[in-house]
Amino acid sequence: MSAETPAASGQFTRRRLQFRAWRGQRPFWAGLFIIIGGLPIAYFPYANLQIGHLTLAMATTAGAGSLIIGVLLVVLGVSLWFQKHIRVFAGVAAILLALVSIPVSNLGGFLIGFLFALVGGAMAVSWVPGEPPEQELPADAGVHGGAPEGALPEPTVSGPAEGAAATGEPNDLSGTSPANGANGRHSAG
């Protein structure tokens, strides 16, 4: 392959942008954190640590419970990716499963799985779908109404003053004057 060989015409860039758009429409990072949290919770109770000729088994009596909690967390994380409308349920369930994993599975996968699942669940609960971007106006239909580019808009001349100043009444800005229709109530804005 020489330096002059062209790359695939934007294939990688197009796929990366498609993945980016897909990822932006769902709680992707929350699902990833929950999946990462479920793996050590399910794995550590069945792992055997070799230290020289010594085998250290971390199996607990609740190994099946650890496996169930870990698998449920992975399923919740994957379901967040493909069914974004269940984000609140999946987030709350992930938080509860992470809390239950502390006594059941070796301190929640030695706190690694617990923390990832807890943070991922909180991210899932707090995620809100974004609003679609607004349609942009064409370049020729700008704010200046067809004025050449770089030209400043003409200043507008305002008409006669409105409200209390036009009638000669004092302009009470406190918001409590009956003359301005506030009826004794303060305005917040």
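A brief report on the enclosed structure follows. (Residues numbered from 1 in each chain as written. Predicted model: local features only at pLDDT ≥ 70, side-chain atom pairs only at ≥ 80, totals over all residues. Heavy atoms only, no water.)

## Description of a nonpolar patch on the surface
Here is step 1 of the chain: A cluster of nonpolar residues, Val88, Val92, Leu96, Leu99 and Val125, forms a patch on the protein surface that exposes about 390 Å² of accessible area.
Here is step 2 of the chain: Sort the elements by how many residues they give to the nonpolar patch and helix α4 (residues 87–104) lands first, with 4 residues.
Here is step 3 of the chain: Relative to the assigned elements, Val92 resides in helix α4. (Patch = residues over 30% accessible without salt bridge, like charges linked within 9 Å, V, L, I, M, F, W, Y side chains within 5 Å. Areas by Shrake-Rupley, 256 points an atom, 1.4 Å probe, with all protein chains shown as cover. Salt bridge = Lys/Arg side-chain N within 4 Å of Asp/Glu carboxyl O. Helix = DSSP H or I, 4+ residues; strand = E, 2+ residues; numbered from the N terminus.)

## Concerning the packing of helix α2 (residues 28–43) against helix α3 (residues 63–82)
Here is step 1 of the chain: Running from N to C, α2 and α3 point in directions that differ by 165°, and their axes come no closer than 8 Å. The orientation of α2 relative to α3 falls into the category roughly antiparallel. For the pair α2 and α3, the crossing hand works out as left-handed. Residue-level contacts link Phe28, Ala30, Gly31, Leu32, Ile34, Ile35, Gly37, Gly38, Leu39, Ile41 and Ala42 of α2 to Ser66, Leu67, Ile69, Gly70, Leu73, Val74, Leu76, Gly77, Val78, Leu80 and Trp81 of α3.
Here is step 2 of the chain: For the contact of α2 with α3, the class distribution of residues is 16 nonpolar, 6 polar and no charged. (Axes fitted to C-alpha atoms, helices over the stretch in contact; angles between N-to-C directions. Parallel < 35°, antiparallel > 145°, perpendicular 65-115°, else oblique. Left-handed = near helix turned anticlockwise from the far one by under 90°. Contact = heavy atoms within 4.5 Å. Nonpolar A, V, L, I, M, F, W, Y, C, P; charged D, E, K, R; others polar.)

## As for the nonpolar core
Here is step 1 of the chain: By size, the foremost hydrophobic cluster in this structure holds 16 residues, and its most contacted members are Ile34, Leu73, Leu76 and Leu80.
Here is step 2 of the chain: Excluding residues within four positions of it along the chain, Leu76 makes contact with Ile34, Phe89, Ala90, Ala93, Ala94 and Leu97. (Core = buried A, V, L, I, M, F, W, Y, C linked by side-chain atoms within 4.5 Å. Buried < 20%, exposed > 50% of the residue type's maximum accessible area, 1.4 Å probe, protein only.)

## So, unusual backbone geometry
Here is step 1 of the chain: Non-glycine residue Phe110 carries a positive phi angle of around 55°.
Here is step 2 of the chain: One can find Phe110 in helix α5 (residues 106–110).
Here is step 3 of the chain: You can call Phe110 partly exposed: its relative accessible area is 41%.
Here is step 4 of the chain: Despite not being glycine, Leu111 shows a phi value in the positive range, around 65°.
Here is step 5 of the chain: Here Leu111 lies in the loop between α5 and α6 (112–126).
Here is step 6 of the chain: Since its relative accessible area comes to 41%, Leu111 is described here as partly exposed.

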